[in-house]
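# Understanding the architecture of this molecule
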Amino acid sequence: MASWRTGTSKQYQVYLERWSQFCQSRGIDYTAASIDNGIDFLATLFASGLGHSAINTARSALSSVVALPDNTTFGSHPLVTRFLKGVFELKPSLPRYSSIWDVGVVLTHLRRRGIASTLDLKTLTRKTTMLLCLLTGQRCQTLTKLDVTLMQILQGKIVFTIGEKLKTTRPGKHLEPIELLEYPQDESVCVVSHLKQYIKCTVQLRAAQHTRLLISHSKPHKPLTNSTVGKWAKSVLREAGIDTSTFSDKSARPASTSYGHCMAPAAA
């Protein structure tokens with residue numbers, strides 16, 4: 001269980017509880033269940049309306065508790081993989097968004113806010129957070145891990161090294177340092193100038209133990225959580241006129257790939 005990430009543990013727990021209930025109702029020893037028992041359980045999940053992604057998570061959860069006599073894991077058994085292929089054909093996991101919002105609309109909204117030195121702390125914090133979402137294309141979790149003690153302010157850029165484990169971290173594989181370049185052609189959307197101003201405005205608000213870059217603009221100025229970063233990003237989208245009933249804060253990641261294309265003509 002220690003090998004599971006916090007998020008993975010929460011995901012698995014749901015299906016392990018349902019697996020325990022499934023076994024109890026049928027008089028099955030859930031630690032000595034057969035392949036047939038496991039597939040029957042996955043079939044009940046499918047019948048309840050779950051799609052491929054959820055059932056695939058359930059398969060992974062069962063692999064941790066169902067021991068097979070030939071040392072084959074439940075999830076890799078040919079019958080299970082065939083079952084999952086059938087689920088995919090019937091209820092495939094497709095991209096969440098068939099279209100994406102116009103980054104240019106959001107950039108125009110951010111430009112109207114003005115340059116960093118003219119902004120109050122609340123506006124500066126939210127604008128800087130949105131620029132980070134667009135520029136880095138990272139998850140909210142990654143943005144909350146940005147740390148001023150692992151930040152380098154260099155000529156024309158700011159570089160952050162992530163010193164903590166992330167969702168994407170694997171043995172021997174970790175996120176490369178994040179480089180944020182200056183954009184002198186338009187200071188109103190230059191992430192480096194906004195970061196410098198933000199750090200200057202928040203240096204006195206940070207308690208000695210708070211070295212995270214993004215902190216709340218209201219007291220007690222604690223480091224931001226993943227949900228707060230997402231909420232702020234969504235509020236900026238709403239203010240810019242984006243339909244947030246269709247697009248969530250997570251849509252900033254696919255949209256961020258077009259940010260460079262928006263800025264490239266001016267840079268050239």
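Details of the structure are given in the entry above.
Just so we're clear, the structure is a prediction, and the values are computed from it rather than from any experiment.

### Quick notes on the overall build of the chain
On a plain count of helices and strands, the chain comes out with 11 helices and three strands. Ordered by position from the N terminus, the helices and strands of the chain form the series α-α-α-α-α-α-α-β-β-β-α-α-α-α. Out of the 268 residues in the chain, the part that is buried amounts to 42%. Contacts in the chain between residues at least 24 apart in sequence constitute 63% of all its contacts with a sequence separation of at least 6. For the chain, the exposed surface amounts to about 14,600 Å²; the carbon and sulfur share of it is 52%.

### Things to note about the sheet that holds strand β3 (residues 178-181)
Ordered in space as β1-β2-β3, the three strands form an open sheet in which the pairing is antiparallel. Bordering the open sheet on either side are β1 (151-154) and β3, each of which pairs with just one other strand. Ignoring which end each strand starts from, the neighbouring axes of this sheet average 15 degrees apart. By the bridge criterion, four bridges tie strand β2 (residues 157-160) to β3 in an arrangement that is antiparallel. When the sheet's bridge partners are listed, F160 is paired in β3 with I178.

### Remarks on the nonpolar core
L132 and L213 are the most contacted members of the largest nonpolar core, which totals 41 residues. Put simply, the parts of the chain that give this core at least two residues each are α5 (103-112), α6 (121-136), α7 (140-144), β2, β3, α8 (191-202) and α9 (226-240). Apart from residues lying up to four places away in sequence, L213 is in contact with L132, L146, D147, V148, F160, L195, Y198, I199 and R206. One finds F22, F41, L45 and V80 within the second-largest nonpolar core, a separate group that totals 23 residues.

### What about the packing of aromatic side chains?
Here the structure, examined in full by the defined rule, presents three aromatic pairs. Here the aromatic rings of W19 and F22 are separated by 5.8 Å at their centres, their planes lie at 15 degrees, and the arrangement is stacked. Here W19 and its partner F22 are both found in helix α1 (residues 6-26), three residues apart, which amounts to about one turn of the helix. Ring geometry for F22 versus F41: centroids 5.4 Å apart, planes at 65 degrees, classification edge-to-face. You can see F22 sitting in helix α1 and its partner F41 sitting in helix α2 (residues 35-47), a full 19 residues away along the chain. In this pair, the class of F22 matches that of F41, namely buried. These aromatic residues form a ring-pair network of at least three members: W19, F22 and F41. Over the ring of F46 we find K91, and its NZ or CZ is 4.7 Å from the ring centre.

### Here's the deal with the pairing of β1
Regular strands place side chains that alternate from one sheet face to the opposite one. One ladder, built from four bridges, connects β1 with β2; its direction is antiparallel. If you follow I153 over to β2, its bridge partner there is I158. In textbook terms, the turn of a hairpin is the stretch between consecutive antiparallel strands, and for β1 and β2 this stretch comprises two residues, one of which, G156, has a positive phi near 80 degrees.

### Concerning the pattern of salt bridges
Applying the stated criterion across every chain, the model contains four salt bridges. The closest approach of N and O atoms between D186 and R111, which form a salt bridge, is 2.6 Å. One end of the pair, D186, is in the loop between β3 and α8; the other, R111, is in helix α5, and 75 residues separate them in sequence. Across the pair K196 and E182 runs a salt bridge whose closest N-O atoms are separated by 3.8 Å. Of this pair, K196 sits in helix α8 while E182 sits in the loop between β3 and α8, and the two are 14 residues apart along the sequence. Looking at K196, the relative accessible area reads 37%, which means it is partly exposed.

### A closer look at the side chain of R59
Considering the arrangement of structural elements, one finds R59 in helix α3 (residues 52-63). At 13 Å, E89 is the nearest oppositely charged side chain to R59, a buried residue that forms no salt bridge. Polar contacts involving the side chain of R59 include one to the side chain of N56, which spans 2.7 Å. Within the local environment of R59, its side chain forms a polar contact with the backbone oxygen of G75, the two atoms lying 3.2 Å apart. Setting aside residues no more than four positions away along its own chain, R59 makes contact with L42, F74, G75, V80, T81 and L84.

What counts and what doesn't
- Residues numbered from 1 in each chain as written.
- Predicted model: local features only at pLDDT ≥ 70, side-chain atom pairs only at ≥ 80, totals over all residues.
- Heavy atoms only, no water.
- Helix = DSSP H or I, 4+ residues; strand = E, 2+ residues; numbered from the N terminus.
- Buried < 20%, exposed > 50% of the residue type's maximum accessible area, 1.4 Å probe, protein only.
- Contact = heavy atoms within 4.5 Å.
- Areas by Shrake-Rupley, 256 points an atom, 1.4 Å probe, with all protein chains shown as cover.
- Pairing = 2+ DSSP bridges.
- Axes fitted to C-alpha atoms, helices over the stretch in contact; angles between N-to-C directions.
- Core = buried A, V, L, I, M, F, W, Y, C linked by side-chain atoms within 4.5 Å.
- Phe/Tyr/Trp six-rings, centres within 6.5 Å; stacked < 30°, edge-to-face > 60°.
- Lys NZ or Arg CZ within 6 Å of the ring centre and 35° of its normal.
- Salt bridge = Lys/Arg side-chain N within 4 Å of Asp/Glu carboxyl O.
- Lys, Arg positive; Asp, Glu negative; His and termini not counted.
- Polar contact = N/O pair within 3.5 Å; in protein donor to acceptor, adjacent residues only side chain to side chain.

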